[in-house]
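Understanding the architecture of this molecule
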Amino acid sequence: MPKYTFLFIFLLIYTTAIAQKKLPPVQIETATGQLAELTSQTNKAGYTIVSFWATWCKPCLKELDVLKEKLPYWQEKTNVQLLAVSADDSRTKGRVPTIFRSKNWPAKLFFDSNGDAQRALQVLAIPHTFILNKHNEIIYQHTSFVLGDELLYEKVLMKVK
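Bear in mind the structure is a predicted one, so any value in this text is a computation, not a measurement.

Before going further, it helps to examine the confidence of the model for the chain. Looking at the chain, pLDDT values average 89 and 86% of them are 70 or higher. Between residues 7-19, whose pLDDT stays under 50, and residues either more than four places distant or in other chains, the model counts seven contacts.

Here is the structure:
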């Protein structure tokens, strides 16, 4: 039990330490193959959820499925938008559009095949999810996903209204 207590305290301190950190200017690839700065793709009228995911990551797929269910309610309450940033490399990148379309996820699709955005944001494992305010400040981040984590996201979104 002490090991888990230490982990919880570490994550709490780490999450608090990054609060209000600005999203760095980093290039990502759009679904149409163009390069765009990540900060230019965020919601300037509300909140943005940025989810780093990959086709081979089962928790990532589950998280995006759950976000699909929750997003309409959250959008109604907070005007939040979802950006899905694929971390797939050149070997698996070709599967991304098919999976994305078949799942009908309500998100803008982007690619970070070279890992630049992940390095800039210190994403060490996926899924890794950020919640940003309209000023591109990171107000929350979370690594991994299990059912129930979406309640943490909702709590953050509803609290910061």
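Picking up where we left off.
The next point concerns the pairing of strand S2 (residues 27-30). As paired strands, S2 and strand S3 (residues 35-37) are joined by three bridges and run antiparallel to one another. Note that in S3 the partner of Ile-28 across the bridge is Ala-36. The turn linking S2 back onto S3 is made up of four residues, and Gly-33 within it adopts a positive phi angle of 90 degrees. Sheet analysis places S2 next to strand S6 (residues 108-111), joined by two bridges and oriented antiparallel. Counterpart to Thr-30 in the pairing with S6 is Phe-110.

All right, on to the side chain of Asn-136 then. Of note, Asn-136 is situated in the loop between strand S7 (128-132) and strand S8 (137-143). By relative accessible area, Asn-136 is classed as buried at 9%. A polar contact is formed between the side chain of Asn-136 and the side chain of Thr-42, at a distance of 2.5 Å. In contact with Asn-136, other than residues within four places in its own chain, are Lys-21, Lys-22, Leu-23, Thr-39, Thr-42 and Lys-44.

Here we come to the state of the cysteines. Two cysteines, two sulfur atoms, one covalent bond between them: this is a disulfide. If you walk through the whole model with that rule in mind, you get one disulfide. Each disulfide pairs two cysteine sulfurs, and for Cys-57 the partner residue is Cys-60, the sulfurs being separated by 2.3 Å. On the sign convention where negative is left-handed, the bridge of Cys-57 and Cys-60, at about 80 degrees about the S-S bond, is right-handed.

Here we come to the sheet that holds S2. One open sheet holds the eight strands; their spatial order is S1-S8-S7-S4-S5-S6-S2-S3, and the pairing between them is mixed. Each end of this open sheet is capped by a strand with a single partner; those strands are strand S1 (21-22) and S3. The sheet contact formed by S7 and S8 spans five bridges and is antiparallel. When the bridges of S8 are listed, Thr-129 appears paired with His-142.

The next subject is unusual backbone geometry. With the exception of glycine, most residues fall at negative phi, and the peptide bonds are largely trans. Residue Pro-127 follows Ile-126 across a cis peptide bond; omega there is 0 degrees. Turning to its location among the elements, Pro-127 is positioned in the loop between helix H4 (116-120) and S7. Positioned with a positive phi, Gln-122 is a non-glycine residue whose angle comes to about 60 degrees. Checked against the element boundaries, Gln-122 lands in the loop between H4 and S7. Overall, Gln-122 belongs to the partly exposed group, its relative accessible area being 45%. Phi is positive for Asn-136, close to 65 degrees, though the residue is something other than glycine.

The rules behind the values
Just so you know, the residues in each chain are numbered from 1, in the order the chain's sequence is written. Only residues with pLDDT of at least 70 are given local features in this predicted model, and only at 80 or more are side-chain atom pairs given and counted; all residues enter the totals for whole chains, interfaces and linings. Processing note: side-chain calculations cover all non-hydrogen atoms of the structure and skip hydrogens and water entirely. The quantity called pLDDT is the predictor's confidence in a given residue, expressed from 0 to 100. Only heavy atoms enter the contact rule, under which two residues are in contact if any of them lie within 4.5 Å. Strand pairing requires that DSSP identify at least two bridges connecting the strands. Strands here mean DSSP runs of E at least two residues long; helices mean DSSP runs of H or I at least four residues long; both are numbered from the N terminus. Relative accessibility thresholds used throughout: buried, under 20% of the residue-type maximum; exposed, over 50%; partly exposed, between the two (1.4 Å probe, protein chains only). Any N or O atom pair separated by 3.5 Å or less is treated as a polar contact, with the protein-specific requirement of one donor-capable and one acceptor-capable atom, and with residues adjacent in sequence counted only for side-chain atom pairs. Here, a disulfide means two cysteine sulfur atoms that sit within 2.5 Å of each other.

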